[in-house]
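Report on the structure
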Amino acid sequence: MLELRPNCEFCDKDLPPGAADARICSYECTFCAGCVEDELHNVCPNCGGGFEPRPIRPAKAWREGTGLAHDPPGANRRQLSYSREEVAALSEALRKVPPAER
Ligand SMILES: [Zn+2]
Ligand SMILES: [Zn+2]
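Described below are features of the structure shown in this document. Predicted model, so just to flag it, every value in this text is computed and none were measured.

**Focus on the coordination of the zinc ion (ligand 2)**
Surrounding the zinc ion (ligand 2) are the protein donor atoms C25 (SG), C29 (SG), C44 (SG) and C47 (SG), at 2.3 to 2.7 Å. Of note is the zinc ion (ligand 2), whose four donor atoms meet at the metal with angles of 83 to 150 degrees in an arrangement that counts as irregular. When the donor residues of the zinc ion (ligand 2) are listed from N- to C-terminus, their spacing reads C-x3-C-x14-C-x2-C. Across the pair, C29 and C25 agree in class, each one buried.

**Here's the deal with the pattern of salt bridges**
Tallied over the full model, the rule gives eight salt bridges. With a closest N to O distance of 3.0 Å, R78 and E3 form a salt bridge. Of this pair, R78 sits in the loop between β3 (52-53) and α2 (84-94) while E3 sits in the segment before β1 (22-24); the two residues are 75 residues apart in sequence, bridging distant segments of the chain. We classify E3 as partly exposed; its relative accessible area is 24%. With its nearest N and O atoms 3.5 Å apart, the salt bridge here joins R95 to E92. Residue class for E92 comes out exposed when judged on its relative accessible area of 51%. A cluster of three or more residues bridged by salt bridges with shared partners is formed by E3, R5, E9 and R78.

**A look at the nonpolar core**
With 15 residues, the main nonpolar core has C8, L15, F31, L40, C44 and F51 as its most contacted residues. Elements that contribute at least two residues to this core include exactly β2 (30-32) and α1 (33-40). Sorting elements by how many residues they give to this core places α1 first, with three residues. Filtering out sequence-adjacent residues up to four positions away, L15 remains in contact with R5, P6, N7, C8, D21, A22, T30, F31, C32 and R54.

**Quick notes on the packing of aromatic side chains**
If you walk through the whole model with that rule in mind, you get one aromatic pair. Taking 5.4 Å as the distance between ring centres and 80 degrees as the angle between the ring planes, the aromatic pair formed by F31 and F51 counts as edge-to-face. A residue pair is termed long-range when its members are at least 10 positions apart, and F31 in strand β2 and F51 in the loop between α1 and β3 qualify at 20 residues. Here the guanidinium or amino end of K60 rests over the ring plane of W62, the centre of that ring lying 4.1 Å away.

**Focus on the environment of A93**
For A93, the location among the structural elements is in helix α2. Judged by its relative accessible area of 56%, A93 falls in the exposed class. Separated by 24 residues in sequence, A93 and A69 have C-alpha atoms that sit 42 Å apart.

Rules and cut-offs
- Position labels on residues start from 1 in each chain and follow its written sequence.
- Ligands are numbered from 1 and chains lettered from A, in the order in which they are written.
- Under the rules for a predicted model, residues below a pLDDT of 70 receive no local features and side-chain atom pairs below 80 are neither given nor counted, while totals for whole chains, interfaces and linings still include all residues.
- Side-chain numbers come from the whole structure's heavy atoms, not from hydrogens or water.
- With water excluded from the atoms, a metal site may look incomplete; its donors are any N, O or S atoms within 2.8 Å, or within 3.2 Å for Na, K and Ca.
- A site with four donors is called tetrahedral when every donor-metal-donor angle falls between 85 and 135 degrees; four donors are called square planar, and six octahedral, when opposite donors sit more than 155 degrees apart and all other angles fall between 65 and 115; any other arrangement is irregular.
- Exposure categories follow from relative accessible area, calculated using a 1.4 Å probe and restricted to protein chains: below 20% of the type maximum is buried, above 50% is exposed, and the middle band is partly exposed.
- Any Lys or Arg side-chain nitrogen located within 4 Å of an Asp or Glu carboxyl oxygen qualifies as a salt bridge.
- Under the scheme used here, helices are H or I runs from DSSP no shorter than 4 residues and strands are E runs no shorter than 2 residues, and both carry numbers assigned from the N terminus.
- Throughout this description, the term nonpolar core refers to a set of buried Ala, Val, Leu, Ile, Met, Phe, Trp, Tyr and Cys residues connected via side-chain atoms within 4.5 Å.
- Contacts were defined at the residue level, with two residues in contact if any of their heavy atoms lie within 4.5 Å.
- Note on aromatic pairs: the rings of Phe, Tyr and Trp (six-membered ring only in Trp) are paired at centre separations within 6.5 Å, and the planes decide the class, stacked below 30 degrees, edge-to-face beyond 60, tilted for the rest.
- Ring-over charges, as used throughout, are those where CZ of Arg or NZ of Lys falls within 6 Å of the ring centre and within 35 degrees of the ring normal.

Written out as structure tokens, the structure reads:
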């Protein structure tokens, strides 16, 4: 199950479960749309993969055992462990390569 992490790893912006601007890579590394576009250029600094919009988990339990009350968002805030220079270097190396070819 998707962890629904609470913040952008780059700028620490809050990304609650309903955030339309949350982006994730295949490892669930989570960033805001602004950072993905302007800082990362669709290159995940942790894995080199591309990003997609994070799906929004319904607040209501439309089916038994689902919904935010049953499966609440994660509380563990994460922070990038690479320097801005390291992030920029990986982004520069990969930004022109489509995610499917990385
Ligand atoms: Zn951000
Ligand atoms: Zn990643």
